[in-house]
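# A closer look at the structure
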Amino acid sequence: MPYRKQPFQDFYDHHVDDMDTRWKDFTQVQIDWLINRLTILFPHDKQFSVIDLGCGTGELLNQIAHHFPHAHLKGVDGAPEMVKRANNKLQSKATIIQADLESYHDEECYGVVVSTTVLHHLKSPMDHLKMIHTLLENDGHFFVSEIAINSIRLFMAELWWRITQSSHYHSWSENDFRYFIKTCDFNIINGAILSPDDFWRLQMYHLQSLQV
């Protein structure tokens, strides 16, 4: 399906040069948690497929490739400069494409689907989660993360984001997000609240589809 420009495209394209440094702690704490879960699920030499929706500069896929050299990797992002950066970083390690995350469609199914801190940018996060079901193998694993509005500072920040950032549509507390996940027919296998610093709180979950 043709790519449709989304409000967050300009922001991420503008910050492509400092994304891996400015947001390093924010992203690395999620990558560490996810790779730890993958090492529980798969042996080092296992062949399995991964698709990262909102792959950014490709850093997550790059680190998965390091730990699982036989994994088949694909990344999708809406921002063209991020796609260029991910392609340059990963070279032949992964397939990277530009596409609309609101309406992405794929003929393949994957053993692992990832969507990290993407949902708050989407007009319909429920449609995004429904689409995930079509991408998962029958016993596939879905990893999703979002900002956890679990503090007064984050609650106030979220109000400010809604006023000042046209790409910020949604936010959830931990309880609200867990409820939302379940209404979208996912079973929570594991989860954690991650703290990259004294401000951010990120909620991350390992899920499996109930639609099997």
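Within any chain, residue numbers begin from 1 and follow the written order of that chain's sequence. Local features in a predicted model are, by the rule used here, given only for residues with pLDDT of at least 70; side-chain atom pairs are given and counted only at 80 or more, and totals for whole chains, interfaces and linings are based on all residues. Side-chain numbers here rest on the full set of heavy atoms in the structure, without hydrogens or water.

Before going further, it helps to spend a moment on the overall build of the protein chain. The secondary structure content of the protein chain amounts to eight helices and seven strands. Over its C-alpha atoms the protein chain spans a radius of gyration of 16 Å, differing by no more than 12% from the 17 Å that the globule rule assigns to 212 residues. When its C-alpha atoms are laid out on the principal axes, the protein chain stretches across 45 × 35 × 35 Å. Across the 212 residues of the protein chain, 51% fall into the buried class. Note on contacts: a residue pair qualifies if any of its non-hydrogen atoms lie within 4.5 Å across the two residues. Across the protein chain, contacts joining residues at least 24 apart in sequence account for 70% of those joining residues at least 6 apart. Only the protein chains shown count as cover for residues, and the accessible areas themselves come from Shrake-Rupley with a 1.4 Å probe. With an accessible surface of roughly 10300 Å², the protein chain has 50% of that area assigned to carbon and sulfur atoms. Note on charges: Lys and Arg go in the positive column, Asp and Glu in the negative column, and His and the chain ends are not counted at all. For charged residues, the charge sits on one atom: NZ in Lys, CZ in Arg, CG in Asp, CD in Glu. Of the side-chain charges in the protein chain, 18 are positive and 27 negative, and the distance between the mean point of each set is 2 Å. The secondary structure listing takes helices from DSSP runs of H or I that are at least 4 residues long and strands from runs of E that are at least 2 residues long, numbered from the N terminus. Two things to know: the radius of gyration comes from C-alpha atoms, and the globule rule equals 2.2 Å times the number of residues to the power 0.38. Each residue's exposure class comes from its accessible area (1.4 Å probe, protein chains only) as a fraction of the maximum for that residue type: buried when under 20%, exposed when over 50%, partly exposed otherwise.

This next bit is on the pattern of salt bridges. Throughout this description, the term salt bridge denotes a Lys or Arg side-chain nitrogen within 4 Å of a carboxyl oxygen of Asp or Glu. This model, assessed by the stated rule, comprises five salt bridges. In this structure, Asp-106 and Lys-74 form a salt bridge, with 2.8 Å as the shortest nitrogen-oxygen distance. Of this pair, Asp-106 sits in the loop between strand E3 (94-98) and strand E4 (110-116) while Lys-74 sits in strand E2 (residues 72-77), and the two are 32 residues apart along the sequence. For Asp-106, a relative accessible area of 9% corresponds to the buried category. Using a relative accessible area of 12% as the deciding quantity, one classes Lys-74 as buried. Among the ionic pairs, Lys-84 bridges to Glu-81, the shortest N-O distance being 3.4 Å. Of the two residues, Lys-84 and Glu-81 are both situated in helix H5 (residues 80-90); the distance of three residues between them amounts to about one turn of the helix. In this structure Lys-84 comes out as partly exposed when scored by relative accessible area, which is 48%. Looking at Glu-81, the relative accessible area reads 30%, which means it is partly exposed.

Okay, the sheet that holds E4 next. Here, a strand pair is defined by DSSP locating no fewer than two bridges between the strands. A sheet is described by the order of its strands in space; here seven strands give the open sequence E3-E2-E1-E4-E5-E7-E6, paired in mixed fashion. The sheet terminates laterally at E3 and strand E6 (186-194), the two strands that pair on one side only. Across the sheet, the mean angle separating the axes of adjacent strands is 15° when strand polarity is ignored. Note: E2 against E3, five bridges, orientation parallel. Residue pairing for E3: Gly-75 is matched across the bridge by Ile-96. Where helix H3 (residues 24-41) meets the sheet, it contacts E4, strand E5 (136-147), E6 and strand E7 (202-209), and its direction lies at approximately 30° from that of E7. For helices, the axis comes from a line fit to the C-alpha atoms of the stretch in contact; other axes are also lines fit to C-alpha atoms, and the angle between any two N-to-C directions lies between 0 and 180 degrees. Of the strands in this sheet, E5, E6 and E7 are in contact with helix H8 (residues 174-183), which crosses E7 at around 15°.

Here a patch means residues that are over 30% exposed by relative accessible area and free of salt bridges, tied together within 9 Å if like-charged and within 5 Å if nonpolar (Val, Leu, Ile, Met, Phe, Trp, Tyr). Taken together, the side chains of Ile-152, Phe-155, Met-156 and Leu-159 present a nonpolar region at the surface, about 410 Å² in accessible area. Along the polypeptide, Phe-155 turns up in helix H7 (residues 152-164). Overall, the relative accessible area of 41% leaves Phe-155 in the partly exposed class.

Once that is clear, we can look at the packing of H3 against helix H4 (residues 59-67). Where H3 meets H4, the axes come as close as 10 Å, and the angle between the chain directions of the two elements is 35°. The chirality of how H3 crosses H4 is right-handed. Counting all contacts with H3, which are made through Gln-28, Ile-31, Leu-34, Ile-35 and Leu-38, the residues of H4 involved are Glu-59, Leu-60, Gln-63, Ile-64 and His-67. Residue type decides the class: Asp, Glu, Lys and Arg count as charged, Ala, Val, Leu, Ile, Met, Phe, Trp, Tyr, Cys and Pro as nonpolar, and the leftover types, Gly among them, as polar. A per-class count over the contact of H3 with H4 returns six nonpolar, three polar and one charged. Note on convention: near helix rotated counterclockwise from far helix by under a right angle means a left-handed crossing. Clockwise means right-handed.

Moving on: the environment of Ala-71. Structurally, the position occupied by Ala-71 is in the loop between H4 and E2. Sequence separation between Ala-71 and Thr-164 is 93 residues; the distance between their C-alpha atoms is 40 Å. Beyond its immediate stretch of four places on either side in the chain, Ala-71 contacts Lys-46 and Phe-48.

Another point: the confidence of the model for the protein chain. Taken residue by residue, the protein chain gives an average pLDDT of 91. The fraction at 70 or more is 92%. Confidence of the predictor at the level of single residues is captured by pLDDT, which takes values from 0 to 100. Every residue in residues 1-5 scores below 50 in pLDDT, and together they form eleven contacts with partners more than four places removed in sequence or on other chains.

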